[in-house]
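Coordinate analysis (summary)
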2 protein chains.
Amino acid sequence: MTPFHPPEVLLLGPGPSPVSKRVLDAMARATIGHLDPRFVGMMDELKELLRYAFETNNALTVPISAPGSAGMEAAFVNLIEPGDNVVICQNGVFGARMRENVVRIGATPIMINDAFGTPIDLNKVESTLKDNPGVKALAFVHAETSTGVESDAAALCKLAQDHGALSIVDAVTSLGGIPVCVDGWGADAVYSGSQKCLSAPPGLSPFTLSEKAVAALKARRTPVQSWFLDMSLVMGYWQGSGARAYHHTAPINMLYALHESLLMFREEGREAAFARHRENHLRLVRGLAAIDVELLVAEGARLPQLNAVKVPEGVDEAAVRKRLLSDFDIEIGSGLGELAGKIWRVGLMGAGSNPESVDRLVDALGVCLGRKAA
Amino acid sequence: MTPFHPPEVLLLGPGPSPVSKRVLDAMARATIGHLDPRFVGMMDELKELLRYAFETNNALTVPISAPGSAGMEAAFVNLIEPGDNVVICQNGVFGARMRENVVRIGATPIMINDAFGTPIDLNKVESTLKDNPGVKALAFVHAETSTGVESDAAALCKLAQDHGALSIVDAVTSLGGIPVCVDGWGADAVYSGSQKCLSAPPGLSPFTLSEKAVAALKARRTPVQSWFLDMSLVMGYWQGSGARAYHHTAPINMLYALHESLLMFREEGREAAFARHRENHLRLVRGLAAIDVELLVAEGARLPQLNAVKVPEGVDEAAVRKRLLSDFDIEIGSGLGELAGKIWRVGLMGAGSNPESVDRLVDALGVCLGRKAA
């Protein structure tokens, strides 16, 4: 066995996205102690940078020391208790994961299903909330990574508020690519991932709770079932002005990486980053149209950072992905769940959202499909 | 806000331990996809390297995508169900965490307490197991990071077997520093951390389950309460010869780091690494004796990699630690729980276990205490 030297691959799948040399260099700096005062200073900056990305003033805004799936679990186990009812919107595979989380808490999921590839139907949500008074939370995915669809997070959070429910928002693929306005929406628990539009390596989950959510956490009748993800304990380490209480050893170098990637996001500016994601998405749509390839999602609901691309009739989708990787060093993703075999997923996220990446992919795809751009 | 440049600190606390340039460089290599066949090949090597470290042939041997605290939780939530009885040996603060895990599952902890600074009393364990037939598991900490004590893991695992209980072993601080013989002991669930004697950055938890433990997992009456840590799902990604099922996005670059650190461990060889940890521990004991400083733990039970050093009468322990950090760039740890204020914790773990580190610390401590070596 020898040291592992990964190939250079252009990452245009559903994540991880390309990580810049600047972020990789930051991550490779010397490891220091997780209670070192210099490290604690960096933690404070990190919280501030996350608040910028989430557009929030929430005090409880931290990176969870594990991937986005753990961020999802943290949202549910901290806010939901056995016996609670939770309305879950499912328009892709990640809604099914939310359901799993709720069931494993001993709570009751009330599912609302929409077709994969379409946004969440607000009317169905409203009538479900009306028909089920006393629901503890409404949970939904803002940017469905499995289908490339954006749902109306502002309206969904408003519906939750109007019916006295907390809102739990999956912003794994949205944060950094399209606006995530935690305070503007009045969202209560929002989690994301480091490896999508923030372009840090995978392994961390940016996470924020509103004051209302913190109050719900404090008012629990039962302990949070996960010790590792219990935010009332985690905050003893991340908050306070003086010494930090040891809870678990923070993933020091990963936090260096996230700090650097968030700093780059702030240097570029939120609006500029969103505009860049939009422009390169439109460039992709034009490029694909020129080789007669279409997108799955209707124009108004498309995510610029995650494009569900229809596999043309008669094409072996796996063979194309394999050839893109082996001959062109480009990774794209396959369809998940009921969309397996029907779509490719093209991510233009973070550092991967640029004209060169789009052109390189469209050219390579044209070769694989035997189609030249008009 | 500017990029974060951590200082160079000699990490001689309870972890993280010093991370070599070789490991940091490996971590900073290009991020690739978590389903890329080249990455999957690296995963297979990683499992093999972990089996070498754990001295096991267990098929289910993987790094969990979160720190050691999550490894602890994974052991409990996968094997323990509501209503089970679990015997927990507590001779330091980590036994109390085990208790928390068991309570949050809805199971019943049966505690055995030994004084902080002493090993687990085998007689008490035997009589407790005799008095409580049908116990599901015996859980204990092999190397207590809070006290610097080694307990007899082989004898404890044997007692568990003799009484039909599974054994859950915390090897966070032991793995890589002293023998962890998973198969030799017949241990059933063992977890560790990347940032102790393996000298990778914090953030991953090496984890292994015996065949008996896997059978218990398969025979559960209830689902594992954590979706993220459900090993029956995690294994769909880590096992199998062909395509890997997506469960969560693996922390790619952290896995590069762990791969490299385990490769270095295998290059040095287990026995050579253990001998090095012993020798540098003895060098520390001699050095401390020369400045009239003693260890807390009796000679036979001392961990070479984690030394509980008695704070001399009348010395302000926090002031000494602060000065070591600010004037000498050396980090050591404070006491936890009932040992707070009474001991320092000096880690000589992984890359930190070498004569130069020992001498530098002893010299600096001598200056701080106003004591010169005889």
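Residues numbered from 1 in each chain as written. Chains lettered and ligands numbered in written order. Predicted model: local features only at pLDDT ≥ 70, side-chain atom pairs only at ≥ 80, totals over all residues.

**Let's talk about the relation of the copies chain B and chain A**
The transform that puts chain B on chain A rotates by 180 degrees and translates by 0.0 Å along the axis, for an RMSD of 0.0 Å. What we have between these two chains is a two-fold relation. Taken together, the interface assignments show that 100% of the residues at the interface of chain B recur at the interface of chain A, consistent with an identical surface on both copies. (Least-squares fit on C-alpha atoms with pLDDT ≥ 70 in both. Contact = placed C-beta atoms within 7 Å.)

**Some details on the interface of chain B and chain A**
On the side of chain A, 61 residues touch chain B, which itself brings 61 residues to the contact. Looking at the side of chain B that touches chain A, the elements that each hand over two or more residues are helix H1 (21-27), helix H2 (37-54), helix H3 (68-79), helix H4 (93-105) and helix H10 (252-268) of chain B. Here the side of chain B that touches chain A takes seven residues from H10 of chain B, the largest share from any one element. The residue makeup of the side of chain B that touches chain A, split by class, is 30 nonpolar, 19 polar and 12 charged. (Helix = DSSP H or I, 4+ residues; strand = E, 2+ residues; numbered from the N terminus. Nonpolar A, V, L, I, M, F, W, Y, C, P; charged D, E, K, R; others polar.)

**Let's talk about the domain arrangement of chain A**
Residues and elements named next belong to chain A. For chain A, the assigned domains read domain 1 (10-14 + 270-369) and domain 2 (21-266). The C-alpha-based centres of domain 1 and domain 2 are spaced at 27 Å. With 22 residues of domain 1 at the interface, the matching set in domain 2 holds 22 residues. Of all the secondary structure elements, the ones that give two or more residues to the side of domain 1 that touches domain 2 are helix H11 (270-290) and strand E11 (306-310). Looking at the side of domain 1 that touches domain 2, its residues break down into 14 nonpolar, five polar and three charged. (Domains from an automatic or database assignment.)

**Overview of the confidence of the model for chain A**
When pLDDT is averaged along chain A, the result is 96; 98% of the residues meet or exceed 70. Here the complex is predicted with pTM 0.97, and the ipTM for its interfaces comes to 0.97. (pLDDT = per-residue confidence, 0-100.)

**Side note on the sheet that holds strand E11 (residues 306-310) of chain B**
In spatial order, the strands read E11-E14-E13 (chain B); together these three strands make up an open sheet with antiparallel pairing. Among the strands making up the open sheet, the edge pair consists of E11 and strand E13 (333-334) of chain B. (Pairing = 2+ DSSP bridges.)

**Examining the pairing of strand E14 (residues 343-347) of chain B**
All names here are of chain B. Where burial is concerned, most of E14 is hidden: five out of the five residues are buried. The sheet contact formed by E13 and E14 spans two bridges and is antiparallel. Across the sheet, residue glycine 333 finds its bridge partner in E14, namely arginine 345. (Buried ≥ 20, exposed ≤ 12 C-beta atoms within 10 Å, placed from the backbone.)

**Some details on helix H12 (residues 317-328) of chain B**
Residue and element names in this part refer to chain B. Helix length check: H12, at 12 residues, gives a terminal C-alpha distance of 16 Å against a target of 16 Å (1.5 Å per residue), a fit within 8%. Taken together, the buried positions of H12 are Arg321, Leu324 and Leu325. Projected down its long axis, H12 shows its buried positions confined to an angular sector of 90 degrees, all on one face. Of the exposed residues in H12, the ones pointing more than 90 degrees away from its buried face are Ala319, Ser326 and Asp327. The inward-facing, buried residues of H12 contact strand E12 (330-331), E13, E14 and helix H13 (355-369). Of the residues flanking the end of H12, it is aspartate 329, one or two places downstream, whose phi is positive at about 55 degrees. (Expected span 1.5 Å × (residues − 1). Arc of directions from axis to C-beta.)

**Digging into unusual backbone geometry**
Following glycine 15 of chain A, the chain continues into proline 16 of chain A via a peptide bond in cis, with omega recorded as 5 degrees. One non-glycine residue with positive phi stands out, namely aspartate 329 of chain A, at about 55 degrees.

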